[in-house]
Amino acid sequence: MRAIVTESFGGPEVLQLLDVPTPEPAPGELLIRVSASGVNRADLLQRQGHYPPPPGITDIIGLEVSGVIAEVGEGVDDWRPGEQCVALLAGGGYAEFVAVPAGQVVRPPAGLDLVSAAGLIEVAATVTSNFTRVGLAAGETVLVHGGTGGIGTFAIQYAAALGARVFTTAGTAAKLALCRELGAEAAFDYHEDWQGALLGATAGHGADVILDVIGAKYLTANVDALADDGRLVVIGMQGGRKGTLDLSTLLAKRGLVTATSLRGRPVAQKAAICAEVAQTVWPLVETGTIKPAAETRFPAASVAEAHRHLASGDAFGKLILTWG
Ligand SMILES: NC(=O)c1ccc[n+]([C@@H]2O[C@H](COP(=O)([O-])OP(=O)(O)OC[C@H]3O[C@@H](n4cnc5c(N)ncnc54)[C@H](OP(=O)(O)O)[C@@H]3O)[C@@H](O)[C@H]2O)c1
């Protein structure tokens, strides 16, 4: 099979399309013939050597795919070859075939074309599992940082569908406008005083929940922006990993700070999250309540261009590689 292989760490030029052995499904796994592979920011980090795969996982990059079942491993009885699917992966998605535990494979939402479906499962699994973790409820106020990224476009729509008041940050006027189109009540320029703007927009209440992709750089400001009993969940470290936490502020607010990573979770947890996504998110996609993020498609051979585009900061929504 063809796959995107990295023989060294570095810039987008280290990504090469090469022939490699096709994986075989182990018992409990499915082999997928890949139609399209989602591109995630984590892929850029892995290419640079900053985000190694968990033990036992292929070093081929790629956290999500769509495709059709090519082979059914021993002990899997609810899938047949030829069925369409999407899969959440710990790695291996930048390839024509990938073997994956059956629990991490679900049928795509009805009516969604298979290429678009490739960019949905990673963000859906990340956002739903984190909103569940911090108990986001209808009527609460949520702040989503980076509202037009892959995570942000989904998080705004999903939080709105849950009945939350959604506020968000973004970096340009065009992106701020898109956040509002996606369902945010207001969007704040992160180059300006977004924290003051949030407090102003919520009459001093702040955010009951903050979904943060920045990490250290925003830790103090995020805690300051929390409402009483507020919950901050950090899922990205684009602004560094070591910050200062003012415990007196957190204590006075009875606040909660938590952080999670989806990739390294045990297979059983990922399977439960995928099942929840299929049960709760897919119907919202099928009714048009949640629209898949705007996507930019690249042939797999142009993967370096896709990585450059994502790194440029000019991308909206998701980038997808197609295998044709
Ligand atoms: N922990 C997990 O399980 C998990 C899972 C998936 C993703 N992630 C992480 O989540 C992050 C986002 O992933 P993604 O796939 O959505 O990436 P993406 O599509 O590249 O989006 C990155 C987002 O970050 C925003 N951003 C950059 N600087 C910012 C700042 N100073 N303040 C506020 N927002 C800022 C960007 O906003 P502009 O475009 O407006 O500049 C953009 O919306 C990444 O760090 C990724 O590694 C974590």
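Quick caveat: nothing in here was measured; it's all calculated off a predicted structure.

### Re the site of the ligand
In the neighbourhood of the ligand, 24 residues make up the surrounding shell, with Arg41, Lys175, Tyr190, Tyr218 and Leu262 lying closest. In the environment of the ligand, an oxygen atom lies 2.9 Å from a nitrogen or oxygen atom belonging to the backbone of Gly150. Contact distances for the ligand include 3.1 Å between an oxygen atom and a side-chain N or O atom of Gln238. Out of a free accessible area of 920 Å², the ligand has 87% covered by protein chains. When residues of the shell around the ligand are traced back to their parent elements, those giving at least two are helix 3 (121–133), helix 4 (150–162) and strand 9 (165–170). Tallied by class, residues from the shell around the ligand come to 9 nonpolar, 11 polar and 4 charged.

### Some details on the sheet that holds strand 8 (residues 141–144)
Two orientations exist for strands paired in a sheet by backbone hydrogen bonds: parallel and antiparallel. If you walk across this open sheet you meet the 6 strands as 10-9-8-11-12-13, and the pairing is parallel. Pairing within the sheet leaves two strands with one partner each, and these edge strands are strand 10 (186–189) and strand 13 (256–259). With strand direction ignored, the average angle separating the axes of adjacent strands in the sheet is 20°. With respect to the sheet, helix 5 (residues 173–182) is in contact with strand 9 and strand 10, its orientation differing from that of strand 10 by roughly 160°.

### A closer look at the side chain of Thr258
Along the chain, the position of Thr258 falls in strand 13. Accessibility expressed as a relative area gives 12% for Thr258, which makes it buried. When sequence neighbours within four positions are dropped, the list of residues in contact with Thr258 reads Arg133, Val134, Leu232, Val233 and Val234.

### Things to note about the pattern of salt bridges
When their charged atoms lie close together, side chains carrying opposite charge are able to pair. Using the criterion set out here, one finds 8 salt bridges in the structure. For Glu96, the salt bridge goes to Arg2, with nearest N and O atoms at 3.1 Å. Of the two residues, Glu96 is situated in the loop between strand 5 (84–88) and strand 6 (97–101) and Arg2 in strand 1 (residues 2–6); the sequence distance between them amounts to 94 residues. Take Arg2: its relative accessible area is 31%, and that puts it in the partly exposed class. With its nearest N and O atoms 2.8 Å apart, the salt bridge here joins Glu140 to Arg231. Within this pair, whereas Glu140 is found in the loop between helix 3 and strand 8, its partner Arg231 is found in strand 12 (residues 226–234), the two being separated by 91 residues in sequence. As far as the burial class goes, Glu140 and Arg231 line up, both buried.

### Looking at the packing of aromatic side chains
Evaluated as defined, the whole model comprises 4 aromatic pairs. Look at Phe167 and Phe188: their rings are 6.0 Å apart centre to centre, the planes differ by 10°, and that puts the pair in the stacked class. On the criterion of sequence distance, the pair formed by Phe167 in strand 9 and Phe188 in strand 10 is long-range, its members being 21 residues apart. Of the two residues examined, Phe167 and Phe188, each falls in the buried class. Considering the side-chain rings of Trp194 and Tyr218, the 5.1 Å spacing of their centres and the 50° angle between planes classify their relative orientation as tilted. Here Trp194, found in helix 6 (residues 194–201), pairs with Tyr218, found in the loop between strand 11 (207–212) and helix 7 (219–225); they are 24 residues apart in sequence, far enough to count as distant.

### Regarding helix 10 (residues 303–312)
Among the residues of helix 10, Val303, Ala304, Ala306, His307 and Leu310 are the ones counted as buried. End-on, the buried residues of helix 10 take up no more than an arc of 160°, which puts them together on one face. Buried residues belonging to helix 10 abut strand 1, strand 2 (15–19), strand 3 (29–39), helix 1 (41–48), strand 14 (295–299) and strand 15 (318–322).

### Quick look at the side chain of Asp189
Checked against the element boundaries, Asp189 lands in strand 10. A distance of 2.8 Å separates a polar atom in the side chain of Asp189 from the backbone nitrogen of His191.

### Let's talk about the state of the cysteines
A full pass over the atoms with the stated rule returns 0 disulfides. Between Cys85, a cysteine without a disulfide, and Cys274, which holds the nearest cysteine sulfur, the sulfur-to-sulfur distance is 11 Å. Using a relative accessible area of 0% as the deciding quantity, one classes Cys85 as buried.

### A short note on the domain arrangement of the chain
What the domain assignment reports for the chain is domain 1 (2–120 + 263–322) and domain 2 (126–259). Its C-alpha centre places domain 1 at a distance of 27 Å from the equivalent point of domain 2. Taken together, the 19 residues of domain 1 in the interface contact 16 residues of domain 2. Roughly 1,300 Å² is buried in total at the junction of domain 1 and domain 2, and carbon and sulfur atoms are behind 60% of that figure.

### Re the environment of Ser302
Here Ser302 shows up in the loop between strand 14 and helix 10. The class for Ser302 is partly exposed, based on a relative accessible area of 21%. Along the chain, Ser302 and Gln16 lie 286 residues apart, while their C-alpha atoms are 9.6 Å from each other.

Cut-off values and rules
- Residues numbered from 1 in each chain as written.
- Predicted model: local features only at pLDDT ≥ 70, side-chain atom pairs only at ≥ 80, totals over all residues.
- Heavy atoms only, no water.
- Near = heavy atom within 4 Å.
- Polar contact = N/O pair within 3.5 Å; in protein donor to acceptor, adjacent residues only side chain to side chain.
- Areas by Shrake-Rupley, 256 points an atom, 1.4 Å probe, with all protein chains shown as cover.
- Helix = DSSP H or I, 4+ residues; strand = E, 2+ residues; numbered from the N terminus.
- Nonpolar A, V, L, I, M, F, W, Y, C, P; charged D, E, K, R; others polar.
- Pairing = 2+ DSSP bridges.
- Axes fitted to C-alpha atoms, helices over the stretch in contact; angles between N-to-C directions.
- Contact = heavy atoms within 4.5 Å.
- Buried < 20%, exposed > 50% of the residue type's maximum accessible area, 1.4 Å probe, protein only.
- Salt bridge = Lys/Arg side-chain N within 4 Å of Asp/Glu carboxyl O.
- Phe/Tyr/Trp six-rings, centres within 6.5 Å; stacked < 30°, edge-to-face > 60°.
- Arc of directions from axis to C-beta.
- Disulfide = S-S within 2.5 Å.
- Domains from an automatic or database assignment.
- Buried area = accessible area lost by both parts, 1.4 Å probe.

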